[in-house]
Structures are given as structure tokens and as C-alpha cells.
Amino acid sequence: MKTMKIKQYFGKLCVLSLLCVLGISCANLDYTEETGRDEEWTYNYFAQGIKGMVWDVYAQIYNNEFESNSAYFLASATDEAQYALETGAVNNYVNGGWSPANPYSNTWTKAYTAIAEINTYLEKIDKTDISDWQYNNDYQSWIAQMELFPYELRFLRAYFYFELFKAYGDVPLVTTTLTNAQANNIKRTPADQIVKFIVDECDAVAPYLPVSYLTEVASEIGRATRVAAFALKARTLLYAASPLHNPTGDKTKWTKAAQASKYIIDNASAWGLNLSKYGALWGQDAFFNTEIIFGVGRGESNAFEMANYPVGIENGASGNCPSQSLIDQYEYQSNGQTFGDRYPGSIDLNTVDPYDGLDPRFALTVVKNGDQWPTNGAQKKTIETFSGGFNAAPKYGATPTSYYLRKFVDGSCVTTADNQTRTRHTWIVFRLGEFYLDFAEAAFNATGSANDDTFGMTANDAVNVLRTRADIGMPKFKEDGDAWVVRYERERLVELAFENHRFWDVRRWKKGAQYFKNIQVASISSNLQLSRSVVNRQWDEKFNFYPIPQSELKKNPNLTQNPGW
Amino acid sequence: MKHLFKYLGALLAVVLMGATFAACSEDDDNGSANLGLGIKTFFPTKVVANQPMTINGSGFDGVKEIEFPGGTKVTDFEIVSNEMIRVNAPAGIASDGGTIKVRTADDEAESTLPLTLGHTKISGYSKQEGEKAEGGELITIFGTDLEFINGLELLDADGNTQFIDHNDFYRKGTDNLAFRVPLKNIYKGTFAGKVYTYDGQSFTMPEFAYEPNTGGGHWETQENTIWDTETVFDGWSVSFLIGPEQFANVQEGDIIRVYIKDKGGDYNPIFKHDDWSDWNELQSIKVEGDGYFESTVTAAIIDELQTKGLRFQGVGFTITKVTLIQNVWIPGGGVADIVSTIWDTETVFDGWSVSFLIGPEQFADLQEGDLIRVYIKDKGGDYNPIFKHDDWSDWTELQSIKVDGDGYFESTVSAAIIDELQTKGLRFQGVGFTITKVELTMYARPTGGGGGARTTATIWDTETVFDGWSVSFVIGADQFADVQEDDIIRVYIKDKTGDYNPIYKHDDWSDWTDIQSNKVDTDDYFEAPVPASAVDELKSIGLRFQGVGFTITKVELIPGS
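For clarity, every value in this text was computed on a predicted model and none was experimentally measured. (Residues numbered from 1 in each chain as written. Chains lettered and ligands numbered in written order. Predicted model: local features only at pLDDT ≥ 70, side-chain atom pairs only at ≥ 80, totals over all residues. Heavy atoms only, no water.)

### Brief notes about the pairing of strand β18 (residues 189-197) of chain B
Residues and elements named next belong to chain B. In this structure, strand β14 (residues 149-155) lies alongside β18, joined through four bridges in antiparallel fashion. Within the sheet, the bridge partner assigned to E153 lies in β18 and is K194. Relative to strand β19 (residues 202-211), β18 is paired through seven bridges, and the arrangement is antiparallel. Residue pairing for β19: K194 is matched across the bridge by T204. Between β18 and the antiparallel strand that follows it, β19, lie four residues; G200 among them carries a positive phi value of about 85 degrees. (Pairing = 2+ DSSP bridges. Helix = DSSP H or I, 4+ residues; strand = E, 2+ residues; numbered from the N terminus.)

Right under this line is the structure:
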């Protein structure tokens, strides 16, 4: 018996030695689709090894969309906002600075790094052996978590393929570890197959993922749940049905998308999900908000506030400034007329308050001239965005739109030089509200009518659930046909503003030329006359997809570039 | 011996690393682009017949056949990519497992990893035979290889068979599986459900007395604090007891979670009976999380918890609080009491100059009867804490009903102070104590269904100026889910002008004469009882307001007497 064990150990020793040889002699340190973890260390130590590897994958969830040099959003590359500083990296998307040589986004690298780590873990799953630690107090907890990890990782792999699919369309489908030569010869897989892979994986892992981690051991929040898997499936099917990926207008794709979103709506209550107040979707305790299906929690910080507080508030850098194009889309509660329709030209703010009676989501999303902001007592002041005002031009970096961002910005954070305060932040990946809109869009396109209840709910019913929330109280949708599409696209912009949807929605609708070319911004003169001007931005149909990074094309002759790039 | 080999292994690895650095040249081809047919892994590694699985490897484009342990060959599978196959495990896999082989027309590859055959066994249930199982309740199945269960069968309200798919289970794991009894669509009576696995095994569940839930509501997982006095366990003499009253509603499967900090090298926490002997049932299943340890309540210990309580002893840690995590039925379709921390910066009140303000945003959803609790420590002889307005004057409404508990003082919110809290916030001043946190308990606001006691609910709180006939808003149907005949809709107004004329409307903008005719006015509000004829429409469409010459600040729905 003892001899057998010695043989086993010797066998392991030889294998490990060989792996060291293979791993080190062939590693190309410039190459991103490998991980540098030592195998024995990784697979025999729970907290720093196995769990650490899983956490490394979770850490890739947000790409550079949330880096500070774009003030954390893609919004300023859309008609939602104008970035205050011309030096902001997000401007690359709209000023011609975007190319295969400067692909800007790290989506390709980060997603494939995460996928490589996941594939490595799943291939070496038989090597995850922490039996040496069986007398450790935490052993049972570790075993319970390890039971879930493979399913969490498969969800995350599907998630990263969604990120790749929405950005690049066809991408190489890699489900195993590759040699460098394999990786550098791999071809792109058609987007439809990527979509099928994502959906199949979500279906496969969903039953094994918990609905909530509250009753799991080591109940970290922000981990993959069953609901997140269904949400990923539903959003993927919506994108796959959209004009960019469905040029023939195949209605069966819309039907599948509608059914997947309806499944979430129907089961939301049983899963403990509820629509929350709009203003509770962000802030210190948003992580516990029962509308959020999957969110990325970040520790206490005020960096986001510094990036988006108005210039004139100590350490404020203005960041993403809501555009007049966005404000124009908000409707009045009384009759559903839009701001843009009621006030298409200049406005004398001395004689009229054009913001009075607007959709309550406006005041929760935007800081306007005259508002008290931020909310913390140390910095609260009346915001002045008129020319020469305390928070306006000619101050360097002041808002170019006359508005500042409120949504997601925690006004309780103090950003003074001394006595700063910081709060937790939660970046929403999936929330219940989105799926009412996803369902509405899919049901409308599948049935051809906003009042068809083939799926047990009409598109208008779904939108009206959101519009009649107690804190919103907007007139109900009754439109159909083209008028419905216009109003739906407006509603989606307003509801999901600054949640990183607009950038992708307009692309999948193939409406970039309509929405992203000319952006209206407002300026307010010193005598309070609001006037409009147009910011021209670059738009080309090739922008619907990201360019494949030139560095990848150079390595792999089989990798083709997206059209136009 | 094992460690000796590990050291030897590390040594050998270092030697080999050195050797390979020398051997590695720039023209190394970094592996082959075409690895040929091969299996790297498959998942899961334990299966039963019909279990979906994936096989990963290379060269799969030409695979015609997969052979499973025991010689069973499968030709019906999906080639996802050159590196991945999806297949359902066939029947007939050898009981002792073995390797998987994939074959193309001219090649064959075999896995190095063995596939093992699972076999589901059920050892018990969280309920005993004959016990009541109410709609919405969670039932747990215990056993081994339970991940292969893919559905179960119960009877619906009409006595017909209904299948609960594994996507609808609450949780599916290897050694336990939980599902909820359908809320209303469950047969009222005693019957035995069935559990099914992928490979066609079926297990008859014990007979439970199923009962639909007649009231509205839902189950929620709640974490309630049952101990919140920070206690440093720096020696074996330290201990505290959580009284049996905290376990009055404890049930099997509930979790006792103990939050700790300052874990030392000698960390050793122990659950105890009140008689100081170790509570092995809890201790043996104790698991550690980040910042806490916890254990699941077993049926065997419930009696003792409810009569004697639970003691903690140990060394090398500090307990900050102990919570009980339970699945709780929330009646009335409303929401549970919400306890939120509205201040968590420890502040030492060592002089009258110390103060802090909790901003009005923390009181946005406040209602009369809610509770503000202020956690304190280091109470000195000069202890004197004061609730204040933001203008620094004392808040006598709160101060006069302040009560002191161990480790906290608290006050109930009166109607008179809500507006000010919501616009200015709440300040604390005083001397002789340290505030560690302030909690706001917002008691359940029913929004629908039946069952729970109905209380006044704010159904609109956006201030709206009715300065012309174009102004209007609608209160959604969801706010009237629980409305009953003779409930009062009270509309709070201000800035009443000479042309004052407020109108209750249907959502289609026509006047709601049934309500309008009963409208009464006072200085601060107008109100009307809900007639029976309006109930259905309020529940399905909601209620609109229009008018001129006033400003609506909020609308309340008051249960009828």
C-alpha cells in the first residue's frame, strides 16, 4: 500500500516536472491567451489558488468602459452625453482615433484572457485536490464552493463570449486550452454559432447555479446566479434577433428572444426580484437592491464622483455631461409630449421652467442649472451652468452641455482635499427592468404589433409596467407600428440611461447614422437664455463592430478583419 | 514522506526549468497548429444515463462515434466546434467507470481522465411523513448524487400531475436539493410526490399534507440579528449566551451566522449548549466564510435552542454580531420590514462640539411608526444623547419618547416630523457615548394580496403643481393591488388657490364620478372612500389626477375601518 502511494507521488512528481518543462519552455510571455499560474500551487491551495483563479476571471467582467480615463462609461460615445475633456479616451470612438492599430477597447484581450483561464481550470478540474486540508476549519466550506465553481466559470465563459459577439460579431470559439500555434491559426466562428454556444451553456449550467448566494457558504454577492444565466441568455437572443445580426429579419429569432425575457418576468417574483425605485438602483446599498440580477460591486471609493462631479466642486472633473439630445427625449408627465417637441428652439429660462413636470427619471439622471448638488453638506451648492457661472465655462473642463451627471453619482461622497468620504458602488450588468424592455422589443418584432398578447403580455403592457411604477407615473403607451418604435427607443434610452446599453442598442438597430452623428448640446448665456448647438461626430457603418486588433491579425493569418476596418 | 517528495519535486522542477531556459530558442514553433484527435477533458466527470455532458479536446470535426466505458457507442451528438462536443451520456456505462474514446474515420483518441457513473440516493427530507407543507414553503431533499435529479412531480390544485423542472428548484447540489411547494397551484390533501433523475430513476417522496397558501404573499430569505454586542474572545473565560427567546421561531435548515473580526493565530470558536458542553451538532458542520463562521440548525437541536439558548466560547477572535438566516413568509403581498443602516461611521461623543448629520435622502421612504435605532457603546457617567433638527434645536418629538436598550437608544417616527426628516435629515449631538451605527427600521408596507394587517400606504410622493389643466399624473395599478371597498384615498395638497378644482379620474381621463361625488375637503388634503364599483378598475388600471389650483405632495391609501 505504501509502495503504491510512493508510486503515485512519484507519478505526480514526474507529471508536474514535465508540466514545468512544457509550461516554461514554450511560454511566450507576450502572449495573452495563457496564464502564468503554477499548476500545483493553483490546484492544491483553495483560497489563493483555486478561488483566486475564479476571482481573477470575475475581475475581468468590466473592460475599459469602466476605466477612469473615460469617466467609467461609454455614454460619451453615444448621444447620451458629451465628455467634458477632449483628452478623454472615450472620444476615440467618435473623433477618428479608433482603428485596428488603436482598437481602444481591451475587450478582445480581456475576454480571451478570462476564457483561457476558464478553459485551463475546466481542463484541470481533476487536479483540484485540497484533501491535504481536510482538517482545516474551512474545508467543508471550500468543498461546497468548489462544487459551484465549474458552473460559475462556464457562465462566465458564456458571458465573455457575449461581450466578444456584441463587439466583434464572428469570433474564434475557443473552448479548450490552445498551443500558441493553434491560437495563432484559429478562424472566426460565425456569430450564429457563438450565440448558440452562449444559449446552450446558459441552459446547461442554470439548474446548478443558486438563485441567491445568501444561503450559500461564503455568501459573496456578485457571483453568477441562475437568474444571471437566464438573463444572459435573454439578452443574447435579443441581440441575435436584432437587425445587425439578423439581416433577413427572421421572426423566429425575435420569438425566442421574447420567450426568454418573458421567462424572467414570469419567474421574477419567485426568485425574489422586484422592480425598485429608480433612484435606489445606485448608491451605497444598491448591491442589495432586489431589482439587480447581476452587478459588479466595488469597494468604498469616490473616484467616480471626482470624475463626474461638476467643475467647481472640489476635485470635480465634469466627466460625462448629459447632452441636450438626451434631455429632449424625456416626456412630460401630463401628456407624454417630449421636451424636444415642446421646446425645439431656444428657451428663456427667466420666464419658463421647461424642466417642470418632466418624467421623474430626468431629475434622477441629470443635474441642471439651479439644482442643489452634490447632496453632502460639505459641498452642496447651487449649480451654475450659465456662462460665467461657478460651474461653467470659461472654467477649464466645465460642462460642454450645460448639464452634469447625477445617475450613479453618489452625492453623499465628499471630495474635498481633507475629510473625504467614500461609498460602495455597484455597476449594473443585468437588472429586472431591462427585461421588460427586451421583452417589449422582441414581442413587437415577433408579432408585428405592440398590442398582441401572443406571449401572455403585450409589448405595451411590458413597457407600461415600468412607466407606471409608483415613483415614475408616466402616461401609458398605446401606440403601435412605427410610432411605437420611436417611442420605445426613447423609453429604452431614458430608462437605461448611463447603464452602457445605448452604445450597443443603436449599433444592433443599425441606427448609428440617425442617432450618433449629430449630437445636440445646450449652452446657457449669462442672462439665462438656453440655446442649442450641434456637435458633429464621426460615424461610419463599420463602427457597428469593433476592429479586430491589428496585433492579433499580425499573429494569426487566418483571422480576418471586420468589414471596413 | 509526502512532503519529502514535494520538496524533491520542487528541486527537480528548478533543475528542469534551468535546463529548458537554455534549450529554448527563438525559432521554437510554440507547439503545433494541428494537434490531431485528442480528448483533454470532459464535464461533468460523473454522469448518469441521459446526462448532458461536454467533451473538450482537438480534431473533433471528423468525429463519427464516441465510446463510453462498457463499450456503449454513441453516434448522436453535436459537434459544437473542432474542440467541443455535446452529448448525452448513454445507458449502459460500466458501473466502475472508465475512459471515453472518440473516433473519426481513421483515428481514435482516448481520455486520460476516467468517467465515473453516478447513482442518486435519497437519505431523507426536511419534513416528516404526514407533516404539513404549505404553498411557498421550502422542502429540502438530502442524499448523494442529487445533481442528477432533473425534476419532480406533484399534484396541481385540480389533482392533475404537474412537473417541477430542475430550473425551478430553489437549489440543486450534490448532497442537498431544495424546492418550493407551488404557492397556490397545489392540491389540498395528503399525497406522495415523485422525484426523477436523468437516468429514469424515480423516488417516491413521503406523504406530506399539502395546502395551498390562501393569503397573498411570498417567501423571503431574511437575516435577523440576534446578538449585536461586540465581544472580544481573548481568553477561555470569555463567553456569552443568546437567550432562548431569540430562537422562538427557529426551524430546521435555518443558519446561525456569527460575524467575527480580528482572527488570531489561536482562533478557535465553539458553539455551546447553555450547560457549557460543546454543541457537536453545530460544531461538526461549522463552515467558515470571509468574516464569519456559521452552522445550519438541525432538527435535533431545536428544542434545546428554544428552551436554553446558545452560548459561545472560544479564543482568538471578536464576535461583532450573530444573525439567524431564515426563510420567512411575508403575508399580504407586501414587503418585509426593511432594516437599513443609515449611518455607520463610528463617532465618539466626548464633548458637546461633536455632532453628525444623517442626510434627508436616508429618510426618503419614511412612514409614521418606523423606528430609528442608534447603536452606542462606551456609555459614560455623563451619558446624554440628543436627537436634533438640522438647525441644531432639540427634536422633542423624538427625544420625549426615546427609550434606552442595552447597546442602543431608539425612538419611533411620528407623523409630525416626517416632512422635516425628508427635507433636512437628522442630527445627533450629546456627550458620554460613542455611536457605532444608526439603523432605520421601515415596517412592512402592504402593496397587495391578503393576509397581513393592512396599514396606510403612501402611493404617490412626487410633488406636482397643478397650475393648468394640462397637468396630470396616474398612480399605477400596482399601488391598488390590495385596495378594498371603503378604503380612503387621501390626497395631500398645498398652495390652494382661488381656482381650486381637483378631480379624480379614470386612466382614460374621464371623470370618476363615483369617487368625485364622495370627495371631502380639509385644509391639507381632500379624500374620498373607494366605492365597490371602482375596485376592479383601480386594481387593473390605476387612478389619474387632474385639476387646477393646488399642488399635490403625496397620496395615501388608508384601509377602511
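Let's pick the thread back up.
### So, the packing of helix α9 (residues 251-267) of chain A against helix α14 (residues 432-447) of chain A
When two helices pack together, their arrangement is given by the angle between their axes and by how far apart the axes lie. Residues and elements named next belong to chain A. Put simply, α9 and α14 touch, their axes get as near as 8 Å, and they point 150 degrees apart. It follows that α9 is roughly antiparallel to α14 by the angle criterion. By crossing handedness, the relation of α9 to α14 is classed as left-handed. Here K251, W254, T255, A257, A258, S261, K262, I264 and I265 of α9 lie close against α14, whose contacting residues are L432, F435, Y436, D438, F439, E441, A442, A443, N445 and A446. Looking at the contact of α9 with α14 residue by residue, the class counts come to twelve nonpolar, three polar and four charged. (Axes fitted to C-alpha atoms, helices over the stretch in contact; angles between N-to-C directions. Parallel < 35°, antiparallel > 145°, perpendicular 65-115°, else oblique. Left-handed = near helix turned anticlockwise from the far one by under 90°. Contact = heavy atoms within 4.5 Å. Nonpolar A, V, L, I, M, F, W, Y, C, P; charged D, E, K, R; others polar.)

### A look at the packing of helix α8 (residues 226-241) of chain A against α14(A)
Residues and elements named next belong to chain A. At their nearest, the axes of α8 and α14 sit 10 Å apart, and the two run at 35 degrees to each other. In this structure, α8 meets α14 at a crossing whose hand is left-handed. Contacts between α8 and α14 involve A231, A234, R235 and L238 from the former and E434, F435, D438, E441 and A442 from the latter. Of the residues assigned to the contact of α8 with α14, the class counts are five nonpolar, no polar and four charged.

### A closer look at the environment of F42(B)
Examined against the element boundaries, F42(B) turns out to sit in strand β1 (residues 38-43). Look at F42(B) and you get buried, because its relative accessible area is 0%. (Buried < 20%, exposed > 50% of the residue type's maximum accessible area, 1.4 Å probe, protein only.)

### Focus: the pattern of salt bridges
According to the stated counting rule, one finds 61 salt bridges over all chains in the structure shown. Close ionic contact of K196(A) with E78(B) constitutes a salt bridge, the shortest N to O distance being 2.7 Å. Taken together, the residues K196(A) in helix α7 (residues 191-205) and E78(B) in strand β6 (residues 78-81) connect one chain to another. We classify K196(A) as partly exposed; its relative accessible area is 40%. (Salt bridge = Lys/Arg side-chain N within 4 Å of Asp/Glu carboxyl O.)

### Quick word on the sheet that holds β6(B)
Residue and element names in this part refer to chain B. Spatial ordering of the open sheet is given by β1-β3-β7-β6, a layout of four strands whose pairing is antiparallel. Each edge of the open sheet carries a strand with a single partner, namely β1 and β6. Each strand axis lies, on average, 25 degrees off the axis of its neighbour in the sheet, ignoring direction. Judged from the three bridges that link them, β6 and strand β7 (residues 84-88) form a sheet pairing that is antiparallel. When the sheet's bridge partners are listed, E78 is paired in β7 with R86.

### Some remarks on unusual backbone geometry
Cis geometry is adopted by the peptide bond preceding P374(A), which originates at W373(A) and carries an omega value of -10 degrees. Structurally, the position occupied by P374(A) is in the loop between β6 (372-373) and β7 (381-382). Across the junction of F43(B) and P44(B), the peptide omega takes the value -5 degrees, indicating a cis bond. The topology assignment puts P44(B) in the loop between β1 and β2 (46-47). The phi torsion at F498(A) lies on the positive side, around 60 degrees, for a residue other than glycine.

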